[in-house]
Amino acid sequence: MRRFRLRRTPRPAAPAPRPVPDCVPAACADMRPMPRLFSPLIAEMMATYCHTKHLAGLAQDERCAAEYQLVARSIVQHVLEGWQNQTGGRGTIEDLLLGPRPSHAAVVPQPHAADFPVAREHRVAS
């Protein structure tokens, strides 16, 4: 019976945690002006940014426009609510947009000569 007894071996001690640097210079170079970079709010915003920057590429491979629109609207709504809380209720979605949307010149139909009152009065009845 001694042969079948389990031998107990002591578990190895957990390695000591390595110190985490406050900021890796190359990774954080463009983030220096941001106050409290690792606050819970900014950490969530950075996670959102990291997850959404790949959407354009993923959207090329899939076609689910209705679902995309539904989820995108919910995300934008949450971001807007947060922005309104940051600005005391004065923030708008326009504040968060990169710039004015490119507008396409409206196609103005060219009027026909028969559409002008003078031309209509002088039309020859057929």
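Numbers given for residues are sequential positions, taken from 1 along each chain in its written order. Confidence filtering applies because this is a predicted model: local features only for residues at pLDDT of at least 70, side-chain atom pairs given and counted only at 80 or more, and all residues used for totals across whole chains, interfaces and linings. Working from all heavy atoms in the structure, the side-chain values ignore hydrogens and water.

**Quick word on the overall build of the chain**
Quick note on the threshold: The helix and strand labels rest on DSSP assignments: H or I over at least four residues marks a helix, E over at least two residues marks a strand, and numbering proceeds from the N terminus. Only the protein chains shown count as covering a residue, and every accessible area follows the Shrake-Rupley method with a 1.4 Å probe.
When its secondary structure is counted, the chain shows six helices and zero strands. Along the chain, helices and strands appear, N-terminal first, in the series α-α-α-α-α-α. Accessible surface for the chain amounts to roughly 12,800 Å². Of this, 61% is attributable to carbon and sulfur atoms.

**A word on the environment of Ile75**
You can see Ile75 is positioned in helix 4 (residues 65-86). Here the alpha-carbon distance between Ile75 and Thr48, two residues 27 residues apart in the chain, equals 9.4 Å.

**Describing the confidence of the model for the chain**
Interpreting fine coordinate detail is not advised for predicted regions of low pLDDT. What counts here: Here pLDDT means the predictor's own confidence in every residue, given as a number from 0 to 100.
Looking at the chain as a whole, the pLDDT averages 74, with 49% of positions reaching at least 70. Within the chain, helix 4 carries the highest mean pLDDT (96), whereas helix 6 (residues 117-121) carries the lowest (51).

**Comments concerning a nonpolar patch on the surface**
The cut-off we apply is this: Put simply, a patch holds well-exposed residues, over 30% relative accessible area, that have no salt bridge, with like charges counted together within 9 Å and Val, Leu, Ile, Met, Phe, Trp or Tyr side chains within 5 Å. For this analysis, a salt bridge means a side-chain nitrogen from Lys or Arg found within 4 Å of a carboxyl oxygen belonging to Asp or Glu. Throughout this description, buried means an accessible area under 20% of the type-specific maximum (1.4 Å probe, protein chains only), exposed means over 50%, and partly exposed covers the range between.
Taken together, Leu41, Met45, Leu70, Val71, Ile75, Val79 and Leu96 make up a surface patch of nonpolar side chains, about 580 Å² in accessible area. Those elements that place two or more of their residues in the nonpolar patch are helix 2 (40-52) and helix 4. Per-element accounting of the nonpolar patch gives the leading share, four residues, to helix 4. Residue placement: Val71 occurs in helix 4. For Val71, a relative accessible area of 47% corresponds to the partly exposed category.

**With respect to helix 4**
The line we're drawing: A helix is expected to span 1.5 Å for every residue after the first.
For helix 4, which comprises 22 residues, the first-to-last C-alpha distance of 31 Å matches the rise-based estimate of 32 Å (1.5 Å per residue) to within 8%. Where helix 4 terminates, the next one or two residues include Gly88, which has phi positive at roughly 65 degrees.

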